[in-house]
Amino acid sequence: MIDTHCHLDGEEFHEDLDAVVTRAREAGVTAIGVPGIDLKSCDTVLEVCRRYPGYCFPMLGLHPEEVRADWREVLARIKPFLNKGVCVGEVGLDFYWSREFEREQIEAFEEQVRWSVELGLPLMIHCRKAQNEMVTLLKRFKNQLPGGVFHCFTGNELEARELLQFDQFVLGIGGVLTFKKSKLPETLQAVVPLERIVLETDSPYMAPVPMRGQRNEPAFVAHVAQRLAETYGVSISEVIRQTDENCKKVLNITA
Ligand SMILES: [Zn+2]
C-alpha cells in the first residue's frame, strides 16, 4: 500500500517518527508521499525523506492556505527545491476559510501548474470550495499536464465526473470514505473506476474509523483500503495491487 499524502514532517510526529514509520512498514505501507506546504517545509520534508530513502518521497510547493501578498518571492525561493521533488504539491485553491487572498491563490496556483508542465512533474492538488475555479484554470493546460492527484476527494458524482475528464489524474481517497455518514462509497461505486484511485491518509488529519479523533498516521491507510475493498466488492489485495499500479502511473513514487 502506498500512502500518497502524509505530512510526516509535522510537529505531531517529532517525538515518535521512527515508531510511526515502523508501524507503517508493519501494516504493509511500502511508500509514503510527503507534501510540503510552504518554504520552511521544503527543508523539513526533504529532511524526513533523506531519513527514510526509497520509502518517503518529497513533494514541494506552496499550499493555498499559505498564500499571502508576498507569494511571488516565496515561489521564487521554493522553485530551486523542485529538482529534489517527485511532485509539485501540495498546491491548489482553498476558499473555505477565507477569500482574502483569492486572487493571489489563483495566480500562485497557475504559476505552480506551469512548473508542473515545464518540469514534467505531476501535481498534488488541494481544492476546497473552489472546484469551478480550479477546473477552469486546469482546462487551459489540459493537453500539457503530466498528471497528478486530486487529493482528499469528497465530492459528489458530478464533481467526480468533472475531475475524471483530466485523463492523467486520479482521486486521492482517505479517511472520509470510512465515516458513517459519508456518501463517498456510493459516489465512487457510481462513477469512479478503481483504476482512477490512489490511497492516502492526510496524516496527522482525517483519521479513519475506527481511529477517528486520534492523530492519523500512515499505518491507518489499511482501514481506507479495507473500506475500498468493500465498496468495490473486491479483495483488499486487489485494491492494493490496483492503487499501487495507479500510483506508479501517475506519481513518481515507486514502492
Ligand atoms: Zn495535505
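First things first, this report covers the structure right here in the doc. (Residues numbered from 1 in each chain as written. Predicted model: local features only at pLDDT ≥ 70, side-chain atom pairs only at ≥ 80, totals over all residues. Heavy atoms only, no water.)

### Here we look at the packing of aromatic side chains
In step 1: The tally for this structure, following the rule as stated, stands at four aromatic pairs.
In step 2: Between the aromatic rings of Phe 166 and Phe 169, the centroid separation amounts to 6.1 Å while the plane-to-plane angle is 70 degrees, which identifies the pairing as edge-to-face. Pair check on accessibility: Phe 166 and Phe 169 agree, each one buried.
In step 3: One aromatic cluster is present, built from ring pairs that chain together Phe 150, Phe 166 and Phe 169.
In step 4: Here the guanidinium or amino end of Lys 142 rests over the ring plane of Phe 166, the centre of that ring lying 5.8 Å away.
In step 5: If you follow Arg 212 out to its NZ or CZ, it ends over the ring of Phe 179, 3.6 Å from the centre. (Phe/Tyr/Trp six-rings, centres within 6.5 Å; stacked < 30°, edge-to-face > 60°. Buried < 20%, exposed > 50% of the residue type's maximum accessible area, 1.4 Å probe, protein only. Lys NZ or Arg CZ within 6 Å of the ring centre and 35° of its normal.)

### As for the packing of helix α5 (residues 131–139) against helix α6 (residues 157–164)
Two measures define how a pair of helices packs: the angle their axes make with one another and the distance between the axes.
In step 1: Axis separation between α5 and α6 bottoms out at 11 Å; the angle between their running directions is 15 degrees. Regarding the angle of α5 to α6, the classification is roughly parallel. Along this stretch, α5 crosses α6, giving a crossing that reads as left-handed. Only Glu 159, Glu 162 and Leu 163 of α6 make contact with α5, whose side of the interface consists of Gln 131, Met 134 and Val 135.
In step 2: In terms of residue class, the contact of α5 with α6 is made up of three nonpolar, one polar and two charged. (Axes fitted to C-alpha atoms, helices over the stretch in contact; angles between N-to-C directions. Helix = DSSP H or I, 4+ residues; strand = E, 2+ residues; numbered from the N terminus. Parallel < 35°, antiparallel > 145°, perpendicular 65-115°, else oblique. Left-handed = near helix turned anticlockwise from the far one by under 90°. Contact = heavy atoms within 4.5 Å. Nonpolar A, V, L, I, M, F, W, Y, C, P; charged D, E, K, R; others polar.)

### Structural notes on the pairing of strand β2 (residues 31–35)
In step 1: Within β2, five of the five residues are buried, leaving the element largely enclosed by the surrounding structure.
In step 2: Of the two faces of β2, both are covered, the one formed by Ala 31, Gly 33 and Pro 35 as well as the one formed by Ile 32 and Val 34.
In step 3: Note that strand β1 (residues 2–3) and β2 share two bridges and pair parallel. In the strand pairing of β2, Asp 3 is matched with Ile 32.
In step 4: Between the parallel elements β1 and β2, the chain passes through helix α1 (residues 17–26) in a crossover that is right-handed.
In step 5: Two elements, β2 and strand β3 (residues 56–60), share four bridges in a ladder whose sense is parallel. Each residue of the ladder has a partner; that of Ile 32, found in β3, is Cys 56.
In step 6: Where the polypeptide runs from β2 across helix α2 (residues 39–51) and back to β3, its parallel neighbour, the crossover connection is right-handed. (Pairing = 2+ DSSP bridges. Right-handed = clockwise from strand over helix to strand, strands pointing away.)

### A short note on the coordination of the zinc ion
In step 1: Distances from the zinc ion to its protein donors, namely His 5 (NE2), His 7 (NE2) and Glu 90 (OE), fall within the range 2.0 to 2.1 Å.
In step 2: Each donor residue of the zinc ion belongs to the same chain, with the gaps between them written as H-x1-H-x82-E. Considered together, His 5 and His 7 belong to a single accessibility category, that of buried residues. (Donors = N, O, S within 2.8 Å, 3.2 Å for Na, K, Ca; no water.)

### Focus on helix α9 (residues 236–250)
In step 1: The end-to-end C-alpha distance of α9, which contains 15 residues, comes to 21 Å, matching closely the 21 Å that a straight helix rising 1.5 Å per residue would cover.
In step 2: Within α9, the full set of buried residues consists of Val 239, Gln 242, Thr 243, Asp 244, Asn 246, Cys 247 and Val 250.
In step 3: Where α9 is buried, its residues touch β1, β6 (148–150), β7 (169–173), β8 (197–199) and α8 (221–232). (Expected span 1.5 Å × (residues − 1).)

### Notes on the pairing of β7
In step 1: Counting buried positions over the five residues of β7 gives five, a clear majority of the element.
In step 2: Sheet analysis places β6 next to β7, joined by three bridges and oriented parallel. Its bridge partner lying in β7, Val 149 is registered against Val 170.
In step 3: Read from β6 through α6 to β7, the crossover connection turns out right-handed.
In step 4: Where β7 and β8 come together, three bridges link them in parallel fashion. By the bridge assignment, Leu 171 is partnered in β8 with Ile 197.
In step 5: This β-α-β element, β7 to helix α7 (residues 184–191) to β8, shows right-handed connectivity.

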